[in-house]
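The lines below spell out each chain.
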Amino acid sequence: MVAGREREARPPLVGGRRVADVVATVVLLVVTTGVAAAAVWGIRFLSLGFRSCAAPGNSCNETLGGAVVTGGPVIVALVLVAAVATCVLRIVRRRVAWPVALSGSAVIVAVFFAAVLLAHGSVTLGI
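About the cut-offs
Residues numbered from 1 in each chain as written. Predicted model: local features only at pLDDT ≥ 70, side-chain atom pairs only at ≥ 80, totals over all residues. Heavy atoms only, no water. Helix = DSSP H or I, 4+ residues; strand = E, 2+ residues; numbered from the N terminus. Buried < 20%, exposed > 50% of the residue type's maximum accessible area, 1.4 Å probe, protein only. Areas by Shrake-Rupley, 256 points an atom, 1.4 Å probe, with all protein chains shown as cover. Phe/Tyr/Trp six-rings, centres within 6.5 Å; stacked < 30°, edge-to-face > 60°. Axes fitted to C-alpha atoms, helices over the stretch in contact; angles between N-to-C directions. Parallel < 35°, antiparallel > 145°, perpendicular 65-115°, else oblique. Contact = heavy atoms within 4.5 Å. Nonpolar A, V, L, I, M, F, W, Y, C, P; charged D, E, K, R; others polar.

### Some thoughts on the overall build of the protein
Item 1. Counting its secondary structure elements, the protein contains 3 helices and 2 strands.
Item 2. Counted from the first residue to the last, the protein has its helices and strands arranged as α-β-α-α-β.
Item 3. Residues counted as buried form 29% of the 127 residues belonging to the protein.
Item 4. For the protein, the accessible area works out to roughly 8,300 Å², and carbon and sulfur atoms hold 70% of it.

### A look at the packing of aromatic side chains
Item 1. By the definition in use, this model includes 2 aromatic pairs.
Item 2. Measuring from centroid to centroid gives 5.4 Å for F112 and F113, while their planes differ by 65°, and the two rings are edge-to-face.
Item 3. Among the residues examined, F112 registers a relative accessible area of 23% and is labelled partly exposed.
Item 4. Overall, the relative accessible area of 49% leaves F113 in the partly exposed class.

### Structural notes on the packing of helix α1 (residues 15–45) against helix α2 (residues 62–92)
Item 1. Across the interface, α1 lies against α2 with an axial gap of 9 Å and an inter-helix angle of 175°. In terms of their interaxial angle, α1 and α2 are classed as roughly antiparallel. Where α1 abuts α2, its residues R18, V22, T25, L29, T32, T33, A36, A39, V40, I43 and R44 lie against V68, V69, T70, G72, P73, V76, L80, A83, V84, C87 and I91.
Item 2. Among the residues making up the contact of α1 with α2, the classes are represented as 15 nonpolar, 5 polar and 2 charged.

### Focus on the packing of α1 against helix α3 (residues 98–121)
Item 1. Between α1 and α3, the shortest axis-to-axis distance is 8 Å and the interhelical angle comes to 10°. Judged by the angle between their axes, α1 and α3 are roughly parallel. From α1, D21, A24, T25, L28, L29, T32, V35, A36, A39, G42 and I43 reach across to α3, where they touch W98, A101, L102, G104, S105, I108, V109, F112 and A115.
Item 2. Grouping the constituent residues of the contact of α1 with α3 by class yields 14 nonpolar, 5 polar and 1 charged.

Written out as structure tokens, the structure reads:
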């Protein structure tokens, strides 16, 4: 450390604030897990859009669609694992953890909508 620039430790959460943080974090992680499960199923159902590729005039980028349908659930699972691991580490270190669980849900929703946009962009409907 640089002389004269010492860091003070923040006081850890104690008492009611800590209990409230742990309860809120656990509830949000359960909600995040539900959101992740719904996002995975939703992304997997996007593969049904490629059944219209055989229709006359329609064209599909099956490589992009396959990558979205396969890679989307993997990304959702990685975000969920990262959110849970980060929350557990923050709780163990007695730091506020509920914003991490909430942002994990937001990232999962963003991944889902990105997958929807990519999947719909890979199917071109003709006349």
